[in-house]
Amino acid sequence: MFDINLTEDAGRAPRLTAPPKACDTHSHVMGSLEKYPQKKNLKPRFAPVETYRAMLDRIGVERCVIVHSSYYGTDNRCTLDAIAALRQDRARGTAVIAPGTTKDDIKRLHDGGMRGVRVSEASGDLTPDDAPEIARLIAPYGWVLQVQRRVPGWIEGLAPTLKDLPAPLIFDHLGRTSAKEGADSAEFKAMLKLFEGGNVWIKLSGFYYTAQEAHPGYADLRERIRILCEARPDRLLWGLNWPFPDFPGPGEADSADFLDPLLDFVPDAATRALILADNPGKLYGFEP
């Protein structure tokens, strides 16, 4: 029945010992179908908050940002309930909103632990083209705007629109830049230019979306991540993308497999601490 059905956590301990206050900034929680109906045109998924909590404890990650699943559209109840279960000293969320969302709506979501808006083709009626309007709405609350699109060339095309927004802009999953072209792609270079010059952040997450090298090494990401670390280590974040939707294999995905590559990608421990703990602590309001 379920495309993903995680009722318990099973896996290994990571080789990388996460620093204090490490934060997974990109994972999803999917609750019971009875309480949280999912889109009828998609195969149901079940990845409850209890399993997610156990997984974070296993890999030694203290904090998290739950990104509202596209399976729920603009019904944010599942994510809000997961934040409440984990408590706001440990959890924040990224919401999906509809056109016409008001400041009062944002305030209610803020009170529930939301600290950003997710925009992608799969999530709702808003797209990255709406970024300026959304940014103006959420800026007074200190929220972030995270964007994702799977169409080649979209970052280049929207760069003038995405530059100098009044809210921090996050590119999910290394911008889903070309696995084949790597650091040489025009898309990566366009993202890098925005990253170097504006209030732009990039998530080191969803490795299998943008790598050609097989799981769990993803060695061809090393060059892109090195360039990003040299440019703005203070604007990088890390995320698991649990429960690993569309994971291609080979083998089963384990959360430790998405933490350990940082030993290779980011060999400097101080820079890893910045990415894993300090940056998300400030960006998502965990730290005063």
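Draft legend 1. Molecular detail of unusual backbone geometry. Cis geometry marks the peptide bond from His-215 to Pro-216; its omega dihedral reads 5°. Along the chain, Pro-216 falls in the loop between strand S9 (200–204) and helix H7 (222–231). That bond from Trp-242 to Pro-243 is cis: its omega, 0°, falls within 30 degrees of zero. With respect to the element layout, Pro-243 can be found in the loop between strand S10 (236–238) and helix H8 (256–259). Although it is not a glycine, His-173 adopts a positive phi angle of roughly 50°.

Draft legend 2. Spatial organisation of the nonpolar core. Within the largest apolar cluster, 80 residues are counted, with the highest numbers of intra-cluster contacts made by Leu-145 and Phe-171. Of all the elements, helix H6 (residues 186–197) adds the most residues to this core, at six residues. Excluding residues that lie within four positions of it along the chain, Phe-171 makes contacts with Val-147, Trp-154, Ile-155, Leu-162, Met-191, Leu-194, Val-200, Trp-201, Ile-202 and Lys-203. One finds Cys-23, Trp-201, Leu-237 and Leu-283 within the second-largest nonpolar core, a separate group that totals nine residues.

Draft legend 3. Molecular detail of the environment of Ala-186. You can see Ala-186 is positioned in helix H6. Each C-alpha atom of the pair Ala-186 and His-68 lies 30 Å from the other, and the pair is 118 residues apart in sequence.

Draft legend 4. Looking closely at the environment of Ala-122. Mapped onto the secondary structure, Ala-122 falls in the loop between strand S6 (114–119) and helix H4 (131–138). The spatial distance from the C-alpha of Ala-122 to the C-alpha of Ser-70 is 5.8 Å, given a sequence separation of 52 residues. Ignoring any residue separated from it by four or fewer positions in sequence, one finds Ala-122 in contact with Lys-39 and Ser-70.

Draft legend 5. View of the packing of aromatic side chains. Taken as a whole, this structure holds twelve aromatic pairs when the rule is applied. Ring geometry for Phe-207 and Phe-265: centres 5.6 Å apart, planes at 85°, overall edge-to-face. In this pair, Phe-207 sits in the loop between S9 and H7 while Phe-265 sits in helix H9 (residues 262–265), placing the two residues 58 residues apart along the sequence. Like Phe-265, Phe-207 is buried. Consider the rings of Phe-247 and Phe-258, whose centres lie 6.4 Å apart with planes at 85°: the pair is edge-to-face. A residue pair is termed long-range when its members are at least 10 positions apart, and Phe-247 in the loop between S10 and H8 and Phe-258 in helix H8 qualify at eleven residues. Through a chain of ring-to-ring contacts, the aromatic side chains of Phe-207, Tyr-208, Tyr-209, Tyr-218, Phe-244, Phe-247, Phe-258 and Phe-265 assemble into a single cluster. Sitting over the ring of Phe-286, Arg-92 keeps its end group 4.4 Å from the ring centre.

Draft legend 6. Quick peek at the pattern of salt bridges. Tallied over the entire structure, the rule returns 19 salt bridges. Linking Arg-226 and Glu-230 is a salt bridge whose minimum nitrogen-to-oxygen distance equals 2.8 Å. One end of the pair, Arg-226, and the other, Glu-230, are both in helix H7, four residues apart, so they sit about a helical turn from each other. Beyond isolated ion pairs, a larger network of salt bridges with shared partners links Arg-12, Arg-15, Asp-257 and Asp-260.

Rules behind the numbers
All residue numbers here refer to positions counted from 1 along the written sequence of the relevant chain. The predicted nature of this model means local features are confined to residues of pLDDT at least 70 and side-chain atom pairs, given and counted, to a pLDDT of 80 or more, with totals for whole chains, interfaces and linings taken over all residues. Side-chain figures throughout are based on the complete set of non-hydrogen atoms in the structure, without hydrogens or water. Numbering goes from the N terminus for both helices and strands, where a helix is a DSSP run of H or I of at least four residues and a strand is a run of E of at least two. Put simply, a nonpolar core is a bunch of buried Ala, Val, Leu, Ile, Met, Phe, Trp, Tyr and Cys residues held in one set by side-chain atoms that sit within 4.5 Å of each other. Relative accessibility decides the category of a residue: with a 1.4 Å probe and only protein chains considered, values under 20% of the type maximum give buried, values over 50% give exposed, and everything between is partly exposed. Contacts are assigned to residue pairs that have any heavy atoms within 4.5 Å of one another. Each Phe, Tyr or Trp ring (for Trp, its six-membered ring) is paired with any other whose centre lies within 6.5 Å, and the angle between the two planes then decides the class: stacked below 30 degrees, edge-to-face above 60, tilted in between. Whether a charge lies above a ring is judged from NZ of Lys or CZ of Arg, which has to be within 6 Å of the ring centre and within 35 degrees of the ring normal. One speaks of a salt bridge when a side-chain nitrogen belonging to Lys or Arg is within 4 Å of a carboxyl oxygen belonging to Asp or Glu.

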